[in-house]
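# Residue-level structure breakdown
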Amino acid sequence: MCRLCSPTTPRALCPGKAPLFSAATETSSGAAAAQAARTNITAAPLPKLSGEPGTRLLIKGGVVMSVDDAVGNFAKGDVLIEGSKIVEVAAHIEASDAHVIDAAGKIVMPGFIDTHHHQFETGLRSSLSDAIVVNDGKPENARNYYEAMLLGFSQHYRPEDVYINELYGGLAQLDAGVTTVMDVSQIHHSAQHSDAAIEGLRDAGRRGVFGYFEGWWDGKEHPGGARRIREQYFSSDDQLLSMVMGGEIYIEGYEDMWQIGRDLDLQIALHVVTTFGMTPTFDELAKKGVFGPDNIFIHMTGMTDDAWKAAADAGAHVSLSVPIEMHMRHGQPPIQKALGLGMTVSLSSDVECTMSADFFTQMRGMITLQRMHANELALSGQDHPGLMRCADAIRHATIEGAKGLRLDGKTGSLTPGKEADIILLDAEAINVAPLNNAPGAVVTLMDRTNVDTVMVAGKIRKWQGQLLGHDIDKLRSELEQSRDYIFEKAGVQHDLFA
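Rules and cut-offs
- Residues numbered from 1 in each chain as written.
- Predicted model: local features only at pLDDT ≥ 70, side-chain atom pairs only at ≥ 80, totals over all residues.
- Heavy atoms only, no water.
- Core = buried A, V, L, I, M, F, W, Y, C linked by side-chain atoms within 4.5 Å.
- Buried < 20%, exposed > 50% of the residue type's maximum accessible area, 1.4 Å probe, protein only.
- Helix = DSSP H or I, 4+ residues; strand = E, 2+ residues; numbered from the N terminus.
- Contact = heavy atoms within 4.5 Å.
- Axes fitted to C-alpha atoms, helices over the stretch in contact; angles between N-to-C directions.
- Parallel < 35°, antiparallel > 145°, perpendicular 65-115°, else oblique.
- Left-handed = near helix turned anticlockwise from the far one by under 90°.
- Nonpolar A, V, L, I, M, F, W, Y, C, P; charged D, E, K, R; others polar.
- Pairing = 2+ DSSP bridges.
- Phe/Tyr/Trp six-rings, centres within 6.5 Å; stacked < 30°, edge-to-face > 60°.
- Lys NZ or Arg CZ within 6 Å of the ring centre and 35° of its normal.
- Salt bridge = Lys/Arg side-chain N within 4 Å of Asp/Glu carboxyl O.

Membership of the largest hydrophobic core comes to 120 residues, with the highest contact counts inside it found for Ile 107, Phe 112, Met 363 and Val 442. Examining the composition of this core, we find that seven residues originate from one element, helix 4 (residues 159-175), more than from any other. Leave out the neighbours within four places in its chain, and Phe 112 touches Ala 176, Gly 177, Val 178, Thr 179, Thr 180, Phe 359, Phe 360, Met 363, Ala 397, Thr 398, Ile 423 and Val 442. Counting residues in each nonpolar core, the second largest holds 21 residues, with Leu 46, Val 64, Ile 460 and Leu 468 among its members.

One way to put it is that helix 4 packs onto helix 16 (residues 472-490) with a least axis distance of 9 Å and a crossing angle of 135°. As summarised for this structure, helix 4 and helix 16 are arranged oblique, according to the angle between their axes. By crossing handedness, the relation of helix 4 to helix 16 is classed as left-handed. Of the residues in helix 16, those touching helix 4 at Asp 161, Ile 164, Asn 165, Leu 167, Tyr 168 and Leu 171 are Ile 472, Leu 475, Arg 476, Glu 478, Leu 479, Ser 482, Tyr 485 and Ile 486. Split by residue class, the contact of helix 4 with helix 16 holds nine nonpolar, two polar and three charged.

It is worth spelling out the sheet that holds strand 10 (residues 267-273) at this point. What the eight strands build is an open sheet, ordered 6-7-8-9-10-11-12-13; its pairing is parallel. Of all strands in the sheet, those bounded by a partner on one side alone are strand 6 (112-117) and strand 13 (345-347). Taking the axes of each pair of neighbouring strands and ignoring which way they run, one obtains an average angle of 25° across the sheet. One ladder, built from four bridges, connects strand 6 with strand 7 (residues 178-185); its direction is parallel. Across the sheet, residue His 117 finds its bridge partner in strand 7, namely Asp 183. Across the sheet, helix 5 (residues 191-204) lies against strand 7, strand 8 (207-212) and strand 9 (241-246), angled at about 165° from strand 8, the strand it touches most.

Here the distance between the centres and the angle between the planes together describe a pair of aromatic rings. A complete count under the given rule lists twelve aromatic pairs for this structure. Here Phe 120 and Tyr 157 contribute two aromatic rings whose centre-to-centre distance is 5.5 Å and whose plane-to-plane angle is 75°, an arrangement assigned as edge-to-face. Of the two residues, Phe 120 is situated in the loop between strand 6 and helix 3 (145-150) and Tyr 157 in the loop between helix 3 and helix 4; the sequence distance between them amounts to 37 residues. Judged by relative accessible area, which is 0%, Phe 120 ranks as buried. Here the aromatic rings of Phe 291 and Phe 297 are separated by 5.1 Å at their centres, their planes lie at 70°, and the arrangement is edge-to-face. Looking at Phe 291, the relative accessible area reads 9%, which means it is buried. In this structure Phe 297 comes out as buried when scored by relative accessible area, which is 0%. Positioned above the aromatic ring of Tyr 485, the side-chain terminus of Arg 158 is 3.5 Å from the ring centre.

For the pair helix 5 and helix 6 (residues 225-233), interaxial distance at closest approach is 11 Å and the crossing angle is 35°. Relative to helix 6, helix 5 is oriented so that their crossing is right-handed. In this structure, helix 5 contributes Ala 191, Ser 194, Asp 195, Ile 198 and Glu 199 to the contact, and helix 6 contributes Arg 228, Ile 229 and Tyr 233.

As a further point, take the pattern of salt bridges. Considering all chains together, one arrives at 25 salt bridges under this definition. Measuring nitrogen to oxygen at the nearest pair gives 2.9 Å for the salt bridge that ties Arg 202 to Asp 203. On the accessibility criterion, Arg 202 (46% relative accessible area) is partly exposed. Residues participating in the shared-partner salt-bridge network are Arg 56, Glu 82 and Asp 97.

Written out as structure tokens, the structure is:
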């Protein structure tokens, strides 16, 4: 049972509980089925077995981009998986007992890692597509993100709204090849809201980092509820979900949030945005020497050189949402600043109420902006940084995100011993073929329609373009009902052309 199961909303499939294929597809039987399963993933039992102890999968004959210099890349290579783990990556692997996935014409690479995504806003997609982040006093910007979303829409969420938004948003990104997310859920109005967010993350079936950010209602559990949540949901490191503490410095009492996070050995993540007037506070924290390698700084726009140096010296991580930062007036994305200081830099989608959460958009935003600035300096005869390459953009979308979330021992690259968070991208599709450069094809040509197969910890979650295990039509209906409720309670007319 899940939060959407009730007499009034019967489900065809329950998230996280449904078979990956219906019984009607299981046409093979006996020895023939066993033999078919060894050579062809279309044998029905295989998706059910994937990711389970003892199950061996051989991804064969793909263009393998490992994102691990020690492993290397292969124009034609194989990846062997046992249970949830990658066992071997090589040009050719013999494994007669393994189920074979034919990856000819596919690019095989680690799944994308989104280090900052407000998934509770999924049902409000594009509702603030023209908005900037804060009110600047001009009539055209009276409807802005901070007032409309955080002080408006978010105040009306029920736990069931949190759940369906989290679940649907997670599935949508999983469908697009994003196998890991840090969910920045600023919706912790009660313990029930927090529990619903965690359940939505869990039921999507991908790797998730639960970001325990702010809540607004009287009697809210936040921030002290972090202790209960840590013990109840995140006492083990051997699971798909982990936890980060929100530590927003624009909120009164942020010092307590930082202390709680460190007491619980959690990373502390926060938005650092000049348009919120955070620069003086951030400078003071830099002078006090409170930054550490447990900090994830989101955006980092408009901060002083001294604060940047303090953050870099402390080993802090930077999460950039380049298209959003350009679109919503956060300030110029500090790509080169962070790279020049040798910081780990990841990519993140931020808010779907304004911009797409697919990672092809994020990679293209980053590489084109970095190259635009470098090229402009070059054209004017000035010293300029090296041009970002497509392989660099892929690293920021994968292994650098894993490092930022302390997950690089588990995911972010196709490295033997890591968990099998793997995507297969169609390089024979009409928007890509013929394949001439693998990193270039991923970054400059592809979009979410090229995501063919997705697995998380060895479990097949999407196969040949089809997301498995969920009744998407039913979930979409639930999301629309939630959207309608929130619009009504917020007193906002649902106008498709506003």
